[in-house]
Amino acid sequence: MQLKPFLLDAWLDQYEHNIEFNLGASTGPTWTVNDVLALADEETRHRFLNHSLVYSRPAGAETLREAIAEMQGVPAESVQIVTGASEALLVLMWLAAEPGANVIVPLPGFTTFSALPESLGVETRFYGVRRENGFRIDLDEIKQLANSKTKLILVNTPHNPTGAIIGDDEMEALHDFTAERGIQLVCDEVYHPIYHGKPSRSAARLPQATVIADLSKAFSLPGVRTGWMIEHDAKRRQQYWTARAYFTICNSTIGEILSEIAIRKRDVVLGKTQESATRNLQLLERFMADHRDVLGWIPPQGGMTAFPWLVGGESDRPFCEAAAERGILLAPGDCFDAPSHFRLGFAAAGDDFSKALDRFGTFLKSWSGKMITA
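For clarity, every value in this text was computed on a predicted model and none was experimentally measured.

A. Representation of the pairing of strand S3 (residues 102-107) in the model. Of all 6 residues making up S3, 5 are buried, and the element is well covered by its neighbours. Across 6 bridges, S3 lies against strand S4 (residues 123-128) in parallel orientation. Note on S4: the bridge partner recorded for Leu 107 is Gly 128. For the crossover from S3 across helix H6 (residues 111-119) to S4, the handedness is right-handed. Pairing of S3 with strand S5 (residues 150-156) involves 3 bridges; the strand directions are parallel. Its bridge partner lying in S5, Asn 102 is registered against Thr 150.

Shown next as structure tokens:
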């Protein structure tokens, strides 16, 4: 088994810990443990400070599963806790790894979508999330890729890195197609419910869909490493339970209690992310209009990232390296198998986003001048 280099995490680890303006991050405003505990009642704070540091349950703490179930509108038995959406993807791709099997995933997309099945010897088929199509998916393309050996079709909405979304009608049509053919439909919803226009409903409402989500993106609590799977099929749930009992056994009890607090106070936590994303996206829209001679983009419809490109057509990695030297972190598009683009996160910088754009604008002027004289 060979895993290809994780270019995105290698890039971020190289720069993000000491960068002045982090526009490469895909999360929202930062929370501390004290911030989260301040949202809880006295009884919950006491439980957090005095609970025993023992193993949790492989399916997840019951009260956490109940909180997620209430949020998602599903029975608690349909919720499987995992260590971030990353473990959910590991479980799903591991279970899909049968001889001759294939999976269908988006391109560009999060590296794990393709790296895991490829490392397991599973044929990986890609449908395009294309600039010329406004980053919208093409249902006919996805259907044509599927055959009798297709184990799962994965969609990501809001999409990382483009911020594109899949509408309710499209999702239902895809659900009906996969259900009819016995293909598992997996919906990665880590950026739900952060939207910048008409919101989409969670696919958890669909009886044959598998939803994966976590607290890392929309909730902006990546440090708790809490994710979950919504699964209505009891046989699949048992497979997930067995897989994670082998992989990680259970989550941290500390993280589970903090996660439960955040989910029960989701109006506050998600509201903070939405406010930051909405405010900063408005600033970004004006910035992109002012610099349309250098940068092209399609405004995101959800999430906290955009996927601009250099209109001159030059490689994005030297551009991102030069920006990092000026204290501005972006994520090169080759980390997503789309080397003509770069990812720009607009929520993590919070109130410093305006200053970050000022610095970025100064850098763009120097970059343009260098390209003209080159």
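Structure's up, so let's keep going.
B. Seen up close, the sheet that holds strand S14 (residues 342-345). On the basis of which strands lie adjacent, the open sheet formed by 3 strands has the order S10-S14-S13 and antiparallel pairing. Both outer strands of the open sheet, strand S10 (305-306) and strand S13 (331-332), are each paired with one neighbouring strand and no more. Bridge count between S13 and S14: 2 bridges; the pairing is antiparallel. Bridging from a neighbouring strand, Pro 332 pairs with Phe 342 of S14.

C. Local environment of empty space enclosed by the protein. Following the criterion strictly, the structure yields 3 cavities of 30 Å³ or more and no others. Of the pockets and cavities examined, the largest cavity occupies roughly 60 Å³. Its residues placed into classes, the lining of the largest cavity shows 9 nonpolar, 2 polar and no charged.

D. View of the pattern of salt bridges. Applying the stated rule across the entire model yields 18 salt bridges. The shortest N-O distance in the salt bridge between Arg 181 and Glu 180 comes to 3.7 Å. Take Arg 181: its relative accessible area is 46%, and that puts it in the partly exposed class. For Glu 180, a relative accessible area of 65% puts it in the exposed group. With a shortest N-O distance of 2.6 Å, Glu 275 and Arg 279 are connected by a salt bridge. You can see Glu 275 and its partner Arg 279 sitting in helix H11 (residues 266-290), 4 residues apart, about one turn around the helix. Judged by its relative accessible area of 26%, Arg 279 is partly exposed. Because the salt bridges share partners, they merge into one network encompassing Lys 4, Glu 118 and Asp 337.

Analysis parameters
Residues numbered from 1 in each chain as written. Predicted model: local features only at pLDDT ≥ 70, side-chain atom pairs only at ≥ 80, totals over all residues. Heavy atoms only, no water. Buried < 20%, exposed > 50% of the residue type's maximum accessible area, 1.4 Å probe, protein only. Helix = DSSP H or I, 4+ residues; strand = E, 2+ residues; numbered from the N terminus. Pairing = 2+ DSSP bridges. Right-handed = clockwise from strand over helix to strand, strands pointing away. 1 Å grid on protein atoms, 1.4 Å probe; cavity = no way out; pocket = protein on both sides within 12 Å on 5 of 7 lines; lining within 4 Å. Points joined across faces, edges and corners; volume = space filled by probe spheres on them. Nonpolar A, V, L, I, M, F, W, Y, C, P; charged D, E, K, R; others polar. Salt bridge = Lys/Arg side-chain N within 4 Å of Asp/Glu carboxyl O.

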